[in-house]
Amino acid sequence: MSTLAVPAQVPSPAEDSEQLKKAFKGWGTNEDLIISILGHRNAAQRKAIRKTYAETYGEDLLKDLDKELSNDFERIVMLWTLDPAERDAFLANEATKKWTSSNQVLAEIACSRSSYGLLLAKQQYHSRYKKSLEEDVAHHTTGDFRKLLVPLVSSYRYEGDELNMTLAKSEAKLLHERISDKEYNHEDIIRILATRSKAQINATLNHYKNEFGNDINKIYECFSVMQDLKADPKDEYLAILRSTIKCLIRPEKYFEKSLRLAINRLGTDEGALTRVVATRAEVDLKIIKEEYHKRNSVTLDQAIKKDTRGDYEAMLLALFGHENA
């Protein structure tokens, strides 16, 4: 569920464009005006503003924002202003160019988006970077990471609710055999995670728990397969494998943990905080906030107010649904 607060009476794209142009004029940028507009418009409205701004002033709104803003505030506004598919393409390209084995952004995008959402992101990737996402992932990753990530970003899953319980039972057994043998990079594991529908994977992991597992993990309320994939907590491939499963089955818990780690570490990880808020505000940030409150002693809003400052804080709170932000 979205946290975005859009006013009942939304100004026209022409009015919003005019106000944004005014915010850029003079000696100082009017950051509050920018937040009051872009922080309270949905994806379709932001797209219309960008189009109208270009037609009216012959300039790219994103380039003007880039010139006028800086630091974390610039990044949250820029990411938010992008169309969701453009944003995912940008983040995926950034992740491939800055690839490290601890970077889970590619698995996050491949597994937490809908099949159509991932397809649109890959189309935008073609358009922006003149090559395919699959090509870049294959080029920049190595070994087991490449073996897992290329099929994940290549996937186009069935989105319906149809289940094959016989298949779920047989593939649960197959997963258990491979994991018991510590064959974490086996093609059977990767094939199941990269091709089956999310509903089918959910059924398979339920069978896995019932047939081979212990109690549900109380921290993540996830499946015992997650326990079995914690054989080596420092193994970065296993970490991405666990994140893949969480993003497919319990994305709100994956993103809650991402935010918790971003905020609770020594020095806030603004990159992760910005990415999660910008990509989930119109999707399920309300549910993520509820998960955060359950898991922690404070609300996510309180944590943000404690760890961030200034215009960056104000933009985050606007996307959290604070109407006066």
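These remarks concern the structure in this document. (Residues numbered from 1 in each chain as written. Predicted model: local features only at pLDDT ≥ 70, side-chain atom pairs only at ≥ 80, totals over all residues. Heavy atoms only, no water.)

1. Quick word on the packing of helix H3 (residues 43-57) against helix H4 (residues 61-68)
In contact at an axis separation of 9 Å, H3 and H4 are set at 90 degrees when each is read in the N-to-C sense. As judged from the angle between their axes, H3 and H4 are roughly perpendicular. When H3 is examined against H4, the residues Ile49, Arg50 and Tyr53 are found in contact with a partner set consisting of Leu61, Leu62 and Asp64. Of the residues that constitute the contact of H3 with H4, the class distribution is four nonpolar, no polar and two charged. (Axes fitted to C-alpha atoms, helices over the stretch in contact; angles between N-to-C directions. Helix = DSSP H or I, 4+ residues; strand = E, 2+ residues; numbered from the N terminus. Parallel < 35°, antiparallel > 145°, perpendicular 65-115°, else oblique. Contact = heavy atoms within 4.5 Å. Nonpolar A, V, L, I, M, F, W, Y, C, P; charged D, E, K, R; others polar.)

2. Digging into the packing of aromatic side chains
Here a ring pair, both rings aromatic, is described through the centre-centre distance and the interplanar angle of the planes. Applying the stated criterion to the full structure yields seven aromatic pairs. Aromatic side chains tyrosine 125 and tyrosine 129 sit 4.8 Å apart centroid to centroid with 55 degrees between the ring planes, which places their arrangement in the tilted category. Here tyrosine 125 and its partner tyrosine 129 are both found in helix H8 (residues 115-129), four residues apart, which amounts to about one turn of the helix. Each of the two residues, tyrosine 125 as well as tyrosine 129, counts as buried. With centroids separated by 5.8 Å and ring planes inclined at 70 degrees, the aromatic side chains of tyrosine 208 and phenylalanine 212 adopt a geometry described as edge-to-face. Highlighted residues: tyrosine 208 and phenylalanine 212, both in helix H13 (residues 198-212), separated by four residues, approximately one helical turn. (Phe/Tyr/Trp six-rings, centres within 6.5 Å; stacked < 30°, edge-to-face > 60°. Buried < 20%, exposed > 50% of the residue type's maximum accessible area, 1.4 Å probe, protein only.)

3. Examining the pattern of salt bridges
This model, assessed by the stated rule, comprises 25 salt bridges. Here glutamate 59 makes a salt bridge to lysine 21, at a shortest N to O gap of 2.5 Å. Of the two residues, glutamate 59 sits in the loop between H3 and H4 while lysine 21 sits in helix H1 (residues 13-24), which places them 38 residues apart along the sequence. The salt bridge partner of lysine 51 is glutamate 55, with a shortest N-O separation of 2.7 Å. Of this pair, lysine 51 and glutamate 55 both sit in helix H3, four residues apart, which is roughly one turn of the helix. Take lysine 51: its relative accessible area is 52%, and that puts it in the exposed class. Each member of the salt-bridge network shares a partner with another, and the members are Glu171, Arg178, Glu183, Asp188, Arg191 and Arg196. (Salt bridge = Lys/Arg side-chain N within 4 Å of Asp/Glu carboxyl O.)

4. Let's talk about unusual backbone geometry
A positive phi angle is found at asparagine 71, which is not glycine, with a value near 60 degrees. Among the structural elements, asparagine 71 can be located in helix H5 (residues 71-81). Among the residues examined, asparagine 71 registers a relative accessible area of 64% and is labelled exposed. For lysine 130, which is not glycine, the phi dihedral falls at a positive 60 degrees. Its place among the elements puts lysine 130 in the loop between H8 and helix H9 (133-140).

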